[in-house]
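Here is what each chain is made of, one letter per residue.
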Amino acid sequence: MMMLELPKDLVEEILSRLSATTLKRLQSTCKQWNDIINDREFAGKHFSKAAKQHLVVMMKNFNVHLVSVNVDEIHNDIDPSIKDIGELSLNKPYQVYINGMVHCNGLLLCITKGYTPMVWNPCTGKINWVVEPSRAYDVYDKFAFGYEYKKSCYNFKILRIQYVCGRKTHTYTTHGKEIYDFNSSSWRTLNVTRIWPLISRVVSLKGNAYWFTYEYKEGVRNSSLLSFDFSKEIFGNICVPFQFNGDYLVELSVIRENKLAVLLQRWALEIEIWVTDNIEPNGNGVSWNHFLAVDLGVTIPPISDVFSYAMSFFIDEDNKVGLIWDNNNGVRVHIAGEDYYREIVVGEKGICLPLMCCYIPSLLQI
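In this report, the structure presented in the accompanying data block is examined.

Basis of the calculations
Residues numbered from 1 in each chain as written. Predicted model: local features only at pLDDT ≥ 70, side-chain atom pairs only at ≥ 80, totals over all residues. Heavy atoms only, no water. Buried < 20%, exposed > 50% of the residue type's maximum accessible area, 1.4 Å probe, protein only. Helix = DSSP H or I, 4+ residues; strand = E, 2+ residues; numbered from the N terminus. Polar contact = N/O pair within 3.5 Å; in protein donor to acceptor, adjacent residues only side chain to side chain. Core = buried A, V, L, I, M, F, W, Y, C linked by side-chain atoms within 4.5 Å. Contact = heavy atoms within 4.5 Å. Pairing = 2+ DSSP bridges. Axes fitted to C-alpha atoms, helices over the stretch in contact; angles between N-to-C directions. Patch = residues over 30% accessible without salt bridge, like charges linked within 9 Å, V, L, I, M, F, W, Y side chains within 5 Å. Areas by Shrake-Rupley, 256 points an atom, 1.4 Å probe, with all protein chains shown as cover. Salt bridge = Lys/Arg side-chain N within 4 Å of Asp/Glu carboxyl O. Phe/Tyr/Trp six-rings, centres within 6.5 Å; stacked < 30°, edge-to-face > 60°.

**A look at helix H4 (residues 40-49)**
Part 1 of the reasoning: Buried within H4 are the following residues: Phe42, Ala43, Gly44, His46 and Phe47.
Part 2 of the reasoning: Where H4 begins, the side chain of Asp39 points an oxygen toward the backbone nitrogen of Glu41, at a separation of 3.2 Å.

Next up, the structure:
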């Protein structure tokens, strides 16, 4: 009763300090709280002020599942724990099959069966379907997700890169690039230079998108880290601290919504993980730190094969380990450090996809 008697602005200030999942449970307390929690302006204020919950989600049976990960006591000879907590419900009367996802500020860009994208907030349950473009979606389409932050508001956008695969050469060429703006609910063509095929998954950090790509120069395949600025709608190149052959396996991950991590695996079963300092929203001035180097061929038991191109990973900075999710001989999580290695089976091959990502619940709306 004392809370109900407080001025509205003070109630908002108090609620903005609580986690998104807590506010979701408190939503039915009274009409005033429900109105505040559903307010778009409050959602933006809450995301900037509230303590973040850093969770992990993974793909399983074309659904998104919440995963419990605990590696805090591994250096005290206590086994790590990775458990499937359960499916995050879409609250739909019909089945939606999800083939891929990109996380951005608590929202998931989900690529569904038929390659149709939708944006889903698992915390609030709200779903926004994307209007059909003039050219139909295709299996070779790639999507990035980000936003333009202007006047304390998030304007979310989707970048669609259309590729055409040559039937004889099996090489990819860019067919077109489009931007979907949720403010106008429409697609428009993006006139930029040619973008070569992706060789890593797309990640979103502070409104910008990042991925690795390659191109051929004088017959040599060169790889690079690309960025896309959703505010200026331009591409850029990010310098990386290592040189690598275009055939090496490389993957990206986002760490606590302020850093990028890169995993590089050479065919000799050696992996390196590099982590950036805090990345600014404009993506300028990126510096890298060497996080981890492990020879998987000498682990006990040794790994006999490289990871697949469907792998994904994240790192635990406190315990200095990488957690690598892969689908070779079943879905397994490889927990690797300079003096530590464990392997945990989390699903059968073909039933789970190894795609996982870090997830931060929020109240943000499209």
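**Quick notes on the nonpolar core**
Part 1 of the reasoning: With 48 residues, the main nonpolar core has Val64, Ile98, Trp120, Phe145, Phe156 and Ile158 as its most contacted residues.
Part 2 of the reasoning: Ranked by residue count, the leading element in this core is strand E5 (residues 107-112), at 5 residues.
Part 3 of the reasoning: Those residues in contact with Phe145 that sit more than four places away from it in its chain are Val102, Cys104, Leu107, Leu109, Val119, Phe156, Lys157, Ile158, Phe182, Ser204, Phe230 and Ile366.

**Re the sheet that holds strand E21 (residues 321-326)**
By definition, the strands of a sheet pair up through backbone hydrogen bonds, in either a parallel or an antiparallel sense.
Part 1 of the reasoning: A sheet is described by the order of its strands in space; here 4 strands give the open sequence E20-E21-E22-E23, paired in antiparallel fashion. Strand pairing shows two members of the sheet lacking a second neighbour, strand E20 (312-316) and strand E23 (340-347), which therefore form its edges. When strand polarity is set aside, the average angle formed by the axes of neighbouring strands in this sheet is 20°.
Part 2 of the reasoning: Relative to E23, strand E22 (residues 331-337) runs antiparallel, the two being bridged by 7 bridges. If you follow Ala336 over to E23, its bridge partner there is Tyr341.

**Comments concerning the environment of Glu13**
Part 1 of the reasoning: Mapped onto the fold, Glu13 is located in helix H1 (residues 8-15).
Part 2 of the reasoning: Look at Glu13 and you get partly exposed, because its relative accessible area is 23%.
Part 3 of the reasoning: Along the primary structure Glu13 and Lys49 are separated by 36 residues, whereas in three dimensions their C-alpha atoms are 9.3 Å apart.
Part 4 of the reasoning: Those residues in contact with Glu13 that lie beyond four places of it in its chain are Lys45 and Lys49.

**Some thoughts on the pairing of strand E16 (residues 249-255)**
Part 1 of the reasoning: A large share of E16 lies buried, amounting to 7 of its 7 residues.
Part 2 of the reasoning: Burial of the side chains of E16 extends over both faces: Leu249, Glu251, Ser253 and Ile255 are buried on one face and Val250, Leu252 and Val254 on the other.
Part 3 of the reasoning: Summarising the sheet, E16 and strand E17 (residues 259-265) pair through 7 bridges and their orientation is antiparallel. The partner of Glu251 across the bridge, within E17, is Leu263.
Part 4 of the reasoning: What sits between E16 and E17 in their antiparallel hairpin is a turn of 3 residues, with Arg256 showing a positive phi close to 50°.

**Structural notes on the pairing of strand E14 (residues 220-229)**
Part 1 of the reasoning: Sheet topology note: the strand E13 (residues 208-217)/E14 ladder contains 9 bridges and is antiparallel. The partner of Thr213 across the bridge, within E14, is Ser224.
Part 2 of the reasoning: Adjacent in sequence and paired antiparallel, E13 and E14 are bridged by 2 residues, among which Glu218 carries a positive phi angle near 55°.
Part 3 of the reasoning: Note that E14 and strand E15 (residues 234-238) share 5 bridges and pair antiparallel. Bridged to Ser227 within E15 is Gly236.
Part 4 of the reasoning: What sits between E14 and E15 in their antiparallel hairpin is a turn of 4 residues, with Glu233 showing a positive phi close to 55°.

**Things to note about a nonpolar patch on the surface**
Part 1 of the reasoning: A cluster of nonpolar side chains, Tyr115, Val139 and Tyr140, forms an exposed patch at the surface whose accessible area comes to about 240 Å².
Part 2 of the reasoning: As for its placement among the helices and strands, Tyr140 is situated in the loop between strand E7 (127-129) and strand E8 (142-150).

**Focus: the pattern of salt bridges**
Part 1 of the reasoning: For the structure on display, the rule yields 12 salt bridges.
Part 2 of the reasoning: The partner of Asp141 in a salt bridge is Arg160, with the nearest N and O atoms 2.8 Å apart. Here Asp141 is found in the loop between E7 and E8, whereas its partner Arg160 is found in strand E9 (residues 153-165), with 19 residues between them in sequence.
Part 3 of the reasoning: Taking the relative accessible area as the measure of exposure, Asp141 reaches 8% and is therefore buried.
Part 4 of the reasoning: In this structure Arg160 comes out as buried when scored by relative accessible area, which is 0%.
Part 5 of the reasoning: Linked by salt bridges that have partners in common, Glu13, Arg17, Lys45 and Lys49 make up one network.

**Some words on the packing of aromatic side chains**
Part 1 of the reasoning: If you walk through the whole model with that rule in mind, you get 15 aromatic pairs.
Part 2 of the reasoning: Aromatic side chains Tyr154 and Phe156 sit 5.9 Å apart centroid to centroid with 15° between the ring planes, which places their arrangement in the stacked category.
Part 3 of the reasoning: Residue Tyr154 is classed as buried on the basis of its relative accessible area, which comes to 18%.
Part 4 of the reasoning: Taking relative accessible area as the criterion, Phe156 reaches 1% and is therefore assigned buried.
Part 5 of the reasoning: With a centroid separation of 6.1 Å and 45° between ring planes, the pair formed by Phe242 and Trp274 is classed as tilted.

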